[in-house]
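The lines below spell out each chain.
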Amino acid sequence: AVAGSTVELACGAQGDPAPRVQWHKERGDLPWGRHEVDREHTLRLDAVMPADAGTYVCTAQSQLGTAAASARLRV
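Residues numbered from 1 in each chain as written. Predicted model: local features only at pLDDT ≥ 70, side-chain atom pairs only at ≥ 80, totals over all residues. Heavy atoms only, no water.

> So what about the sheet that holds strand 6 (residues 65-73)? Which residues, and what values?
If you trace the three strands from one edge of the open sheet to the other, you get 2-5-6, paired in antiparallel fashion. Looking at strand neighbours, the two that pair on one side only are strand 2 (20-25) and strand 6, the edges of this open sheet. Each adjacent strand pair in this sheet contributes to an overall mean axis angle of 20°, direction not counted. Across nine bridges, strand 5 (residues 54-62) lies against strand 6 in antiparallel orientation. Bridging from a neighbouring strand, Ser62 pairs with Gly65 of strand 6. (Pairing = 2+ DSSP bridges. Helix = DSSP H or I, 4+ residues; strand = E, 2+ residues; numbered from the N terminus. Axes fitted to C-alpha atoms, helices over the stretch in contact; angles between N-to-C directions.)

> Let's hear about the nonpolar core: which residues, and what values?
Among the nonpolar cores identified, the biggest contains 14 residues, and Leu9, Cys11, Val21, Trp23, Leu43, Leu45 and Tyr56 are the most heavily contacted of them. Going through the elements one at a time, strand 1 (7-9), strand 2, strand 4 (43-45) and strand 5 are the ones with two or more residues in this core. It is strand 5 that provides the largest number of residues to this core, a total of three residues. Non-local contacts of Cys11, meaning those with residues more than four positions away in its chain, are made with Val21, Trp23, Glu40, His41 and Cys58. (Core = buried A, V, L, I, M, F, W, Y, C linked by side-chain atoms within 4.5 Å. Buried < 20%, exposed > 50% of the residue type's maximum accessible area, 1.4 Å probe, protein only. Contact = heavy atoms within 4.5 Å.)

> Go over the state of the cysteines with me, naming the residues and quoting the values.
According to the stated counting rule, one finds one disulfide in the structure shown. Shown here is the disulfide that connects Cys11 with Cys58, its sulfur atoms set 1.7 Å apart. Across the S-S bond of Cys11 and Cys58 the torsion is about -60°, and the bridge reads as left-handed. Linking Cys11 in the loop between strand 1 and strand 2 with Cys58 in strand 5, this pair joins segments that are 47 residues apart in sequence. Accessibility assignment for this pair places Cys11 and Cys58 in one class, buried. (Disulfide = S-S within 2.5 Å.)

If you want it as structure tokens, here you go:
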């Protein structure tokens, strides 16, 4: 991604009952005040900077179990 741009990372978690979805960054925190997760579980990072580079993990958890997927961001 280009520094200063907005990045969206989708997480297609579905189920019945609906899973609880959480995003986190490996070896760091989500950018304070510059991230948002919408109803479809998409993580949006605003005004990305080099410090935001890394691996982001989406974890979906329900009574049936847990699943995770990751995406690597380069800035």
